[in-house]
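# An overview of the molecular structure
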Amino acid sequence: MRTLQPADWTKPRGFSHGVAFIGPGQWLVLAGQTGTNDKGEYESDDLAAQVGAALKRIVTLLAEAAAGPEHIVRLTWYLTSREDYAAAGPGIAAAWRDTLGRHFPPSTLLYISGLVDPRAKVEIEVTAFVPAR
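Criteria and thresholds
- Residues numbered from 1 in each chain as written.
- Predicted model: local features only at pLDDT ≥ 70, side-chain atom pairs only at ≥ 80, totals over all residues.
- Heavy atoms only, no water.
- Helix = DSSP H or I, 4+ residues; strand = E, 2+ residues; numbered from the N terminus.
- Polar contact = N/O pair within 3.5 Å; in protein donor to acceptor, adjacent residues only side chain to side chain.
- Contact = heavy atoms within 4.5 Å.
- Phe/Tyr/Trp six-rings, centres within 6.5 Å; stacked < 30°, edge-to-face > 60°.
- Buried < 20%, exposed > 50% of the residue type's maximum accessible area, 1.4 Å probe, protein only.

## A short note on the side chain of asparagine 37
- One can find asparagine 37 in the loop between strand E3 (25-34) and helix H1 (47-64).
- A polar side-chain atom of asparagine 37 sits 2.8 Å from the main-chain amide nitrogen of lysine 39.
- Other than its neighbours up to four places away in sequence, asparagine 37 contacts Glu43 and Arg57.

## Details of the packing of aromatic side chains
- Counting across every chain of the model gives four aromatic pairs.
- Between tyrosine 85 and tyrosine 111, the ring centres sit 6.4 Å apart and the planes meet at 70°, which makes this aromatic pair edge-to-face. Here the residue tyrosine 85 occupies a position in helix H2 (residues 82-87), and tyrosine 111 occupies one in strand E5 (residues 107-111), the gap between them amounting to 26 residues.
- Relative accessible area serves as the criterion here: at 27%, tyrosine 85 is assigned to the partly exposed category.
- A relative accessible area of 33% places tyrosine 111 in the partly exposed class.
- Ring plane angle 15° and centroid distance 5.7 Å describe the contact between tryptophan 96 and phenylalanine 104, whose orientation is recorded as stacked.
- Put simply, the rings of Trp77, Trp96 and Phe104 touch in pairs and so form one group of aromatic residues.

Right, here's the structure in full:
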């Protein structure tokens, strides 16, 4: 996989503009993951904690397909509060480091009025690609 970064563009922080890859492999498409534990329960109303829980769920699902965070090629985030997101920056960064490490795939963040479960503050969709070995 090759990151697309035009030389004269400012390098983005926390994501990449695009990726390119060639060859056979397996596509993984994950449903949006919210900040629940393995039993589907919310342990916190804190946005950073919910992001951390959602990212852990994503890593667990990727492992089911013998994949890891390095195989993520796109993230779409649905957030219910711009203010909560701005305030949770350091906690979200820590959750990212703990789960995805230094992998920064293309990402889109959308602010929406709410999610199906009113306790959910974030939902994250993932597309991943695992090259054939």
